[in-house]
Amino acid sequence: MTNRNKKRIVLFLLFILPLFLYLFLSSGINNFAKLPVLSNNITDVSLIDDNKTTTLNGKISIICFLGNDIGKAKGGLFNLNQKIYKPFYGFKDFQIIALYPEEKQKEVLELKADIAAFTDMVKWKFIASSEAEIKALYDSFKTNTSLYSGYSSKAYLVDKEAALRGRIDDEDEKDGKLYGYDMTSVAVLNNKMKDDVKVVLAEYRLALKKNNADREI
């Protein structure tokens, strides 16, 4: 290799490559693909929370429905705790909401104690309500499935504007629409839900950076 060629390579590495990377990253930010909105105007949990301490507004929420058989829901909840809650609970506006029938208070207290044995529960919210109110909240998601005795094996991702997020081109769904993530499947939580939560968090981080940049102009 001649000295001239060596100089060209050095110049490329020092000047042209960084410029190319900058343009690539800038383009990526401007064309950032947002996670699709599947339903708007989700009913706020504050309407069925007697303590009025939990809300969807301004929060990135994971919502799950425990139903009448708490034992049946336990395995999925443990998966959700390990694969989704623990990686993300440190984010300020993140929370997981578990809805359950009022008469299952004792079983839920035991479940919470089991999870708390190895988890900081600060972002877990357990809300008791009537089966009718829980069903009404679920129906506001406008999914393609129904609750069975107040239970769903899926966890749902709701953004700060109370909109249900998911996928419209999922390869495992007949119509491509993924409304919720199967808590009983570690693979789904690892390969789909975790990625989608990251996308939503990134959306808000980019929006915050843009707002701060606009204020400085």
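As a starting point, this report considers the structure included with it. (Residues numbered from 1 in each chain as written. Predicted model: local features only at pLDDT ≥ 70, side-chain atom pairs only at ≥ 80, totals over all residues. Heavy atoms only, no water.)

### Focus on the overall build of the protein chain
Summing up its helical and strand segments, the protein chain has five helices and seven strands in all. Taking all 217 residues of the protein chain together, the buried fraction comes to 41%. The contacts of the protein chain with a sequence gap of at least 6 include a subset with a gap of at least 24, amounting to 77%. Total accessible area computed for the protein chain in this model is approximately 12,500 Å², and 55% of it derives from carbon and sulfur atoms. (Helix = DSSP H or I, 4+ residues; strand = E, 2+ residues; numbered from the N terminus. Buried < 20%, exposed > 50% of the residue type's maximum accessible area, 1.4 Å probe, protein only. Contact = heavy atoms within 4.5 Å. Areas by Shrake-Rupley, 256 points an atom, 1.4 Å probe, with all protein chains shown as cover.)

### A look at the nonpolar core
As a rule of thumb, soluble globular proteins bury nonpolar side chains together. By size, the foremost hydrophobic cluster in this structure holds 36 residues, and its most contacted members are Ile-62, Leu-66, Leu-80, Trp-124 and Phe-126. Elements supplying a minimum of two residues to this core: strand 2 (60–66), helix 2 (70–88), strand 3 (94–101), helix 3 (105–116), strand 4 (124–129), strand 5 (151–158) and helix 5 (186–216). The residues contacting Phe-126, other than those within four sequence positions of it, are Leu-66, Leu-77, Ala-98, Tyr-100, Val-108, Leu-111, Lys-112, Ile-115 and Met-121. One finds Val-45, Ile-48, Ile-127 and Tyr-156 within the second-largest nonpolar core, a separate group that totals 20 residues. (Core = buried A, V, L, I, M, F, W, Y, C linked by side-chain atoms within 4.5 Å.)

### Some details on the packing of helix 2 against helix 3
As a packed pair, helix 2 and helix 3 sit with axes 11 Å apart at the nearest point and diverge in direction by 25°. Looking at the two axes, helix 2 sits roughly parallel to helix 3. Here helix 2 runs over helix 3; the crossing is right-handed. On helix 3, the residues touching Ile-70, Lys-74, Leu-77, Phe-78 and Asn-81 of helix 2 are Glu-107, Val-108, Leu-111, Asp-114 and Ile-115. When the residues that make up the contact of helix 2 with helix 3 are grouped by side-chain class, the tally is six nonpolar, one polar and three charged. (Axes fitted to C-alpha atoms, helices over the stretch in contact; angles between N-to-C directions. Parallel < 35°, antiparallel > 145°, perpendicular 65-115°, else oblique. Left-handed = near helix turned anticlockwise from the far one by under 90°. Nonpolar A, V, L, I, M, F, W, Y, C, P; charged D, E, K, R; others polar.)

### Some remarks on the environment of Ile-48
Counting through the fold element by element, Ile-48 comes out in the loop between strand 1 (37–39) and strand 2. The spatial distance from the C-alpha of Ile-48 to the C-alpha of Ser-129 is 6.2 Å, given a sequence separation of 81 residues. Setting aside its immediate chain neighbours within four residues, Ile-48 contacts Leu-99, Ile-127, Ala-128, Ser-129, Glu-133 and Leu-137.

### Topic: the pairing of strand 2
The element strand 2 is largely enclosed, with a buried count of seven among its seven residues. Of the two faces of strand 2, the one lined by Ile-60, Ile-62, Cys-64 and Leu-66 and the one lined by Ser-61, Ile-63 and Phe-65 are each fully buried. Pairing of strand 2 with strand 3 involves six bridges; the strand directions are parallel. Counterpart to Ile-62 in the pairing with strand 3 is Ile-96. Direction of pairing for strand 2 relative to strand 5: antiparallel, over a ladder of five bridges. Across the sheet, residue Ser-61 finds its bridge partner in strand 5, namely Val-158. (Pairing = 2+ DSSP bridges.)

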